[in-house]
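A closer look at the structure
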Amino acid sequence: MNPSLEPSTRRKYLAAMDRLYQAVQGQHGTDCLDRLIAEADGDALEDCLVGFLAQLRNEAVVEKVDKSSTWTSAVSFVTEMLRYAGNTSGSRAAAIEAKVLRLETLYRQLVPKTLPPPIRALPPLVIEDLYEIFKPDSPRNPFKTETLRWRNLLVFMLLLRLGLRRGEGAASFKEDFDPIAGKTVH
């Protein structure tokens, strides 16, 4: 780990490593990640990473939280430790470097996915269709009188342009009795 990291970044990185160690212990029943790295057991390490990725994906969907930094830190940790373990010469170093390249190629681009955020605005096609319906001279306009057609177009335009929700728009249109005028006003 880079010693020049800010304390908060270091804590996040170490928390990610702790999560990886716990996941490997849960998968194998023992705390064996250090041994797998020291032995450069690429197949077992890949199995551990796949299990950890599945765990992070499930958590990301349930908690609706991005877990990609935890994943990136875990893959970086495993590949850095393998490179450190392969800092010898000969065929073992070449074999370890090949495993590191395989891990980086396969797992760096994977990320735990979260659900897409809910749609916060109407899609353009829906707005165009609503405009067509609310146009006073449209054959699709369901309102009977011309007055209602123009009023409802105005209401639609106000809601759309001001970004109001249906309930907020309804609250702004009130009916009340005006005692001075002696009639109901809107």
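Not measured: the values here are computed from a predicted model.

Let's shift gears to the overall build of the protein. Check the secondary structure of the protein and you find eight helices and two strands. The secondary structure elements of the protein, listed N-terminal to C-terminal, are α-α-α-α-α-α-α-α-β-β. Among the 186 residues that make up the protein, the fraction classed as buried is 28%. In the protein, the proportion of contacts linking residues at least 24 apart, taken out of those at least 6 apart, comes to 52%. For the protein, the accessible area works out to roughly 12800 Å², and carbon and sulfur atoms hold 58% of it.

With that settled, the discussion passes to the confidence of the model for the protein. Model confidence for the protein is summarised by a mean pLDDT of 81, while 81% of its residues fall at 70 or above. Model confidence for the protein, summarised as mean pLDDT per element, is weakest for helix H8 (residues 166–172) at 65 and strongest for helix H1 (residues 7–28) at 89.

Our focus in this paragraph is the packing of helix H3 (residues 42–63) against helix H4 (residues 68–85). Their axes nearest at 10 Å, the elements H3 and H4 cross at an angle of 170°. Taken together, H3 and H4 sit at an angle that is classed as roughly antiparallel. When H3 is examined against H4, the residues Leu45, Leu49, Phe52, Leu53 and Leu56 are found in contact with a partner set consisting of Thr70, Trp71, Ala74, Val75, Val78 and Leu82. Grouping the constituent residues of the contact of H3 with H4 by class yields ten nonpolar, one polar and no charged.

Checked against the element boundaries, Thr70 lands in helix H4. Here Thr70 falls in the buried class, since its relative accessible area comes to 15%. Excluding its chain neighbours within four sequence positions, the residues that come into contact with Thr70 are Ala16, Phe52 and Leu56.

Cut-offs and rules
- Each residue is numbered by its place in its chain's sequence as written, counting from 1.
- Note on the predicted model: pLDDT of at least 70 is required for a residue's local features to be given, and 80 or more for side-chain atom pairs to be given and counted; whole-chain, interface and lining totals, by contrast, use all residues.
- Note that the side-chain values use all heavy atoms of the structure and ignore hydrogens as well as water.
- Counting from the N terminus, the helices are the DSSP runs of H or I reaching at least four residues and the strands are the DSSP runs of E reaching at least two.
- Burial here depends on accessible area, computed with a 1.4 Å probe over protein chains only, as a share of the maximum for the residue type. Under 20% is buried, over 50% is exposed, and the range in between is partly exposed.
- Throughout, a residue-residue contact means that at least one pair of heavy atoms, one from each residue, lies within 4.5 Å.
- For every accessible area listed, the method is Shrake-Rupley and the probe measures 1.4 Å; residues are considered covered only by the protein chains on display.
- The predictor attaches a confidence to each residue, and that confidence, scored 0 to 100, is pLDDT.
- Fitting a line to C-alpha atoms yields each axis, with helices limited to the stretch in contact; the angle taken between N-to-C directions then spans 0 to 180 degrees.
- Should an angle fall under 35 degrees it is called roughly parallel, over 145 degrees roughly antiparallel, and 65 to 115 degrees roughly perpendicular, with every other angle called oblique.
- In this count, Pro and Cys sit with the nonpolar residues alongside Ala, Val, Leu, Ile, Met, Phe, Trp and Tyr, while Asp, Glu, Lys and Arg are called charged and the others, Gly among them, polar.

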